[in-house]
Amino acid sequence: MSGIFSSRDSCPAVKNILILDSEGKRVAVKYYSDEWPTNSAKLAFEKSIFAKTQKSNARTEAEITMFDSNIVIYKFVQDLHFFITGGDDENELILAGVLQGLFDAISLLLRNTVDKKETLENLDLILLCIDEIVDQGMILETDANVLAGKVAIQSMDVSAPLSEQTITQALATAREHLTRTLLK
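If you check an unreviewed UniProt entry, the chain appears there as Coatomer subunit zeta from Durio zibethinus. The UniProt entry for the chain carries the following text under Subunit (unreviewed entry): "Oligomeric complex that consists of at least the alpha, beta, beta', gamma, delta, epsilon and zeta subunits." Looking at the Sequence similarities (unreviewed entry) heading of the UniProt record, one finds this comment for the chain: "Belongs to the adaptor complexes small subunit family."

Take a look at the structure:
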């Protein structure tokens, strides 16, 4: 035994992140595994995992289930169903931390109004948030405050009038304008 591990062996990985509505339809999904090679395979997985979990009461705390040799951590909030899938050898607590980080960051970004309508209206923020949590299956960050901060910075519209920006955004815009004028 060489004692050398590949990064895949030592680092927990996520196979997919799913946000489905109360009917099992996609709201935001991201796959990191080739286990579902076609769109129809992905839709079939989503439909079957939704059917298996819809009768559970995962509204107060996240639930854990085994499904097709995968660990699935899920939580329901309002009319949204959040799912994190990992391999059967992954640590459930780490996957649950990813789910909680995702949900808390989305709550911060949507000002505690986590429902389908708000999520669809802010889909760009949700997808940025998913990208900040996991990259190519590797978990990058689970702290909701850090995630929400990174997403808020990336989504700032510098061209928006100052009256439509938050104070932090306005200060960042003013700092950028000042830097530009000093560098000229």
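A.B. asks: Talk me through unusual backbone geometry; I want residue IDs and the actual numbers.
C.D. replies: Although it is not a glycine, Gln 78 adopts a positive phi angle of roughly 50°. Within the element layout of this structure, Gln 78 appears in the loop between strand S4 (70–77) and strand S5 (80–87). Given a relative accessible area of 58%, Gln 78 falls into the exposed group. Backbone geometry at Arg 111 places phi at a positive 55°, although glycine is not the residue there. Within the element layout of this structure, Arg 111 appears in the loop between helix H3 (92–109) and helix H4 (116–121).

A.B. asks: Explain the sheet that holds strand S2 (residues 26–31) residue by residue, including any values.
C.D. replies: Within the open sheet, the 5 strands sit side by side as S2-S1-S5-S4-S3. Their pairing is antiparallel. With one partner strand each, in any of the chains shown, S2 and strand S3 (63–67) form the two edges of the open sheet. For this sheet the average axis-to-axis angle between neighbouring strands, irrespective of direction, equals 20°. The sheet contact formed by S4 and S5 spans 8 bridges and is antiparallel. Paired with Val 77 across the two strands is Leu 80, which belongs to S5. H3 contacts strand S1 (16–21), S3, S4 and S5 of the sheet and is inclined by roughly 30° relative to S4.

How each quantity is defined
- Residues numbered from 1 in each chain as written.
- Predicted model: local features only at pLDDT ≥ 70, side-chain atom pairs only at ≥ 80, totals over all residues.
- Heavy atoms only, no water.
- UniProt positions renumbered as here; feature names shortened; annotations may be inferred.
- Helix = DSSP H or I, 4+ residues; strand = E, 2+ residues; numbered from the N terminus.
- Buried < 20%, exposed > 50% of the residue type's maximum accessible area, 1.4 Å probe, protein only.
- Pairing = 2+ DSSP bridges.
- Axes fitted to C-alpha atoms, helices over the stretch in contact; angles between N-to-C directions.
- Contact = heavy atoms within 4.5 Å.

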